[in-house]
Structures are given as C-alpha cells and as structure tokens.
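One letter stands for each residue in the lines below.
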Amino acid sequence: MTRTSPPWAAMARMTGRRALLAVPVLLAVTFGVFAVAAASPFDPVRAYAGDAGLTASQANLDQLRHNLGVDQPLISRWWHWLTAAFTGDLGDSATLRAPVTQVIGERLGWSVLLCALAFVLAVVVGTALGVAAARRRGGLLDRAVTSVAYALEAAPPFWLGLLAVWLFALKLGVLPAGGLTDTGTDVATVGQIARHVTLPALVLAVSQLPWFVLYVRQGVGDALEEDPVRGARARGLRERTVLLHHALRSGLLPVLTLIGSRVPELITGALLVETVFSWPGIAAATVEAATAVDFPLLAALTVLATAAVLVGNLLSDLLYGLADPRVGFDG
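Note that the coordinates shown come from a computational prediction; the quantities given were computed from them, not determined experimentally.

Analysis parameters
- Residues numbered from 1 in each chain as written.
- Predicted model: local features only at pLDDT ≥ 70, side-chain atom pairs only at ≥ 80, totals over all residues.
- Heavy atoms only, no water.
- 1 Å grid on protein atoms, 1.4 Å probe; cavity = no way out; pocket = protein on both sides within 12 Å on 5 of 7 lines; lining within 4 Å.
- Points joined across faces, edges and corners; volume = space filled by probe spheres on them.
- Helix = DSSP H or I, 4+ residues; strand = E, 2+ residues; numbered from the N terminus.
- Nonpolar A, V, L, I, M, F, W, Y, C, P; charged D, E, K, R; others polar.
- Buried < 20%, exposed > 50% of the residue type's maximum accessible area, 1.4 Å probe, protein only.
- Arc of directions from axis to C-beta.
- Polar contact = N/O pair within 3.5 Å; in protein donor to acceptor, adjacent residues only side chain to side chain.
- Contact = heavy atoms within 4.5 Å.
- Axes fitted to C-alpha atoms, helices over the stretch in contact; angles between N-to-C directions.
- Left-handed = near helix turned anticlockwise from the far one by under 90°.
- Patch = residues over 30% accessible without salt bridge, like charges linked within 9 Å, V, L, I, M, F, W, Y side chains within 5 Å.
- Areas by Shrake-Rupley, 256 points an atom, 1.4 Å probe, with all protein chains shown as cover.
- Salt bridge = Lys/Arg side-chain N within 4 Å of Asp/Glu carboxyl O.
- Phe/Tyr/Trp six-rings, centres within 6.5 Å; stacked < 30°, edge-to-face > 60°.

### Some details on the layout of surface pockets
Part 1 of the reasoning: The calculated volume of the largest pocket comes to roughly 770 Å³.
Part 2 of the reasoning: Those elements giving two or more residues to the lining of the largest pocket turn out to be α5 (100–135), α12 (263–277), α13 (282–291) and α14 (295–323).
Part 3 of the reasoning: Among the elements that make up the lining of the largest pocket, the one with the highest residue count is α14 (10 residues).
Part 4 of the reasoning: Looking at the lining of the largest pocket residue by residue, the class counts come to 21 nonpolar, five polar and one charged.

### What about α13?
Part 1 of the reasoning: Along α13, the positions that sit buried rather than exposed are I282, A283, A285 and A289. One side of α13 holds all its buried residues, which, seen down the axis, span an arc of 165°.
Part 2 of the reasoning: Downstream of α13 by one or two residues, V293 has phi in the positive range, about 50°.

### Re the side chain of D142
Part 1 of the reasoning: Structurally, D142 can be placed in helix α6 (residues 140–153).
Part 2 of the reasoning: Here D142 falls in the buried class, since its relative accessible area comes to 3%.
Part 3 of the reasoning: A polar contact is formed between the side chain of D142 and the backbone nitrogen of G138, at a distance of 2.7 Å.
Part 4 of the reasoning: When sequence neighbours within four positions are dropped, the list of residues in contact with D142 reads A133, R136, R137 and R217.

### Re the packing of α5 against α12
Part 1 of the reasoning: Relative to each other, α5 and α12 sit at 115°, their axes nearing to 11 Å. For the pair α5 and α12, the crossing hand works out as right-handed. Packed against α5, whose contacting residues are S111, L114, C115 and F119, the element α12 presents L266, A270 and E274 at the interface.
Part 2 of the reasoning: For the contact of α5 with α12, the residue count by class is five nonpolar, one polar and one charged.

### Some thoughts on a nonpolar patch on the surface
Part 1 of the reasoning: On the surface, a cluster of nonpolar side chains totalling about 1000 Å² of accessible area is made up of F158, W159, L162, L163, W166, L167, F168, L170, L172, V174 and L272.
Part 2 of the reasoning: If you tally residues by element for the nonpolar patch, the top one is helix α7 (residues 157–171), at eight residues.
Part 3 of the reasoning: With respect to the helices, strands and loops of the structure, L272 is situated in helix α12.
Part 4 of the reasoning: Residue class for L272 comes out partly exposed when judged on its relative accessible area of 31%.

### Remarks on unusual backbone geometry
Part 1 of the reasoning: Residue S278 is not a glycine yet carries a positive backbone phi of 50°.
Part 2 of the reasoning: Positionally, S278 belongs in the loop between α12 and α13.
Part 3 of the reasoning: For S278, a relative accessible area of 51% translates into the label exposed.

### Describing the environment of V33
Part 1 of the reasoning: With respect to the secondary-structure elements, V33 resides in helix α1 (residues 7–39).
Part 2 of the reasoning: Overall, V33 belongs to the buried group, its relative accessible area being 12%.
Part 3 of the reasoning: Contacts of V33, omitting those with residues within four sequence positions, involve L298, A299 and T302.

### Some thoughts on the packing of aromatic side chains
When we look at a pair of aromatic rings, we describe it by the centre distance and by the angle of the planes.
Part 1 of the reasoning: Considering all chains together, one arrives at four aromatic pairs under this definition.
Part 2 of the reasoning: With a centroid separation of 5.2 Å and 85° between ring planes, the pair formed by F31 and W78 is classed as edge-to-face. You can see F31 sitting in helix α1 and its partner W78 sitting in helix α4 (residues 74–85), a full 47 residues away along the chain.
Part 3 of the reasoning: Under the relative-accessibility criterion, F31 is labelled partly exposed at 29%.
Part 4 of the reasoning: An aromatic cluster of at least three residues, connected via ring pairs, comprises F31, W78 and W79.

Put into structure tokens, the structure is as follows:
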C-alpha cells in the first residue's frame, strides 16, 4: 500500500524547491539592475552633489565618484554590494543620505498596509460582484457589472487617483487629499492614519477589482452549468446551498492562481497611487532611486519587489493545492 505524505510535508517540499529556484532569479535581477544603471546616461555623482556639482572641480567630482564607489567596474560594484548584502549591509542611499535598511524599514510598513487593505478589499468586493453577476449571466446586473469592470480595467491607477482627489477631497471635502497626517501635525494617530489611508486604499482596490470580478464571474458561471451542480438542483436543494456549497468552491479555483499573478500589478499600482497621494511608502524612494541612479537602494527595492512576486506565486500555488487535492504539491 502506498503511503501518502501529509499535506504540510508536500507544502514544505514545494516551498523549499521554490526557495532554491529563487536564488538564481534574485541574483540575475540584482545584476540586471546594476547593468541597466551602469548603462544609464544619468550621472549618479552629479545627482548626489546637486547644485554644488555645477561649480565643483573635476578633481572633487572624481573624489566623490571614488567615495561612492561608482568608479569601479560593473562586476566589482555588483559583487561588493552582493557580498555585503549577505551580512545585512545593503549600503547607503546616496539620494536619501541614509542606510538602505533604514530607508526600507521606515517606509515598507506603510506600503504593506496600503497594499494589504486594497488587496483584501478587491478580493472581497470582486468575489461578491462576480458571484452576483454569474447567477444571472446575460441579465441586467451582469451587463452592468461587466461593463463597469471592463471600463475600470482600462483606467490607469494614477487617473483614478486624481479623479478621487478631485471628487472626495476637493469637491466633497470628506477625505484628505494625501499624506499620512493632518496639516500642521507630525504625530500619526490611528484615526488620522485611517482617514488618510482610506482614499488611496480604495483607489488601489478599484484598480485591481476588474480582474477578480471577471474571473469569479466566469468561474462561478461555468460551475453553475456543470453536471454535479445541475444534479444538486435536481435533488431539490436550495439555490443558495447549490451556489455556496457546490458552484462557489469549484468556480473560485481559478481565482487562487490570480492572487499570485496580480502581485506585480499591485506593486506597480501602489507605486503610482503612493505618488499621487504622497503616501510615505516605498514609491517615493523607488522613484528617487531610479532617477538618481542610486545603485544600492535601487537594487534592494528591486529585490524586494521580485521577492514579493515570487512569494505571491508560491502562495497562489499552495492555496490551489489545498483547495483542489487532485492538483497536489509535488507536480
């Protein structure tokens, strides 16, 4: 008799395999960042010096270039950063004049808060609207929901953000236009954070909403036409029981794979939304690092985003394996 390993053991094996595969991916990503930055026409030394670089002598600029380490070959810069990163030293940000670990530590929590709120809201509302539309495909509600979903799918997040600022902050005055705290205070209370995060979280959720609505509508709609569901209806089960206990579980399986694939779009959307609402997350640091060719900060933020994508893909596969034992974790 064949012994079946417990699910947690198979999940651990999958996680281990993915972790091993992630190592060369992250190495390639970091090297690519340094290669692109090295080929960039922007001079990080003049970006670091600012206005003083316009009148500085060439000798001073060369000394600053040596101090920043940008006069070394590409391979040397990348290897030096990589070996230091394994010890927890991600270097210093030339643009923000602070250690990279400090920059990320101060900003990462706010980005995670924004993305988590938006993602949960998009999943819950998208599932509810998708199920409602799937129950009567072709009906008035279905046509209205899908039309709005397709329209939002084509709307850029920054445009949604500007529209939300104009409507809710300028016209109605019910929510703040941006920032983390109210004007005139630097103390971030729970109430202020809740008010200031509401609008950017709603905008980011709306930008992610169409895909969940359309996926759930398609999946649940197809499940309602399958033979097991028709058989449940023929046995006289209530429509709510048929929907929740038969069609919904089967119809939501494709949505689990969507969770991982939406992580890159969520990060990109958060980048734009944070910029529009002046949210103190990773976005501002990413923009400054890219424009100023800040090698250490740019590499660290890129690795962080890549790791988030890899974790999202792993999470979606694990959830899919738990929801459908036929798939398993060893495939």
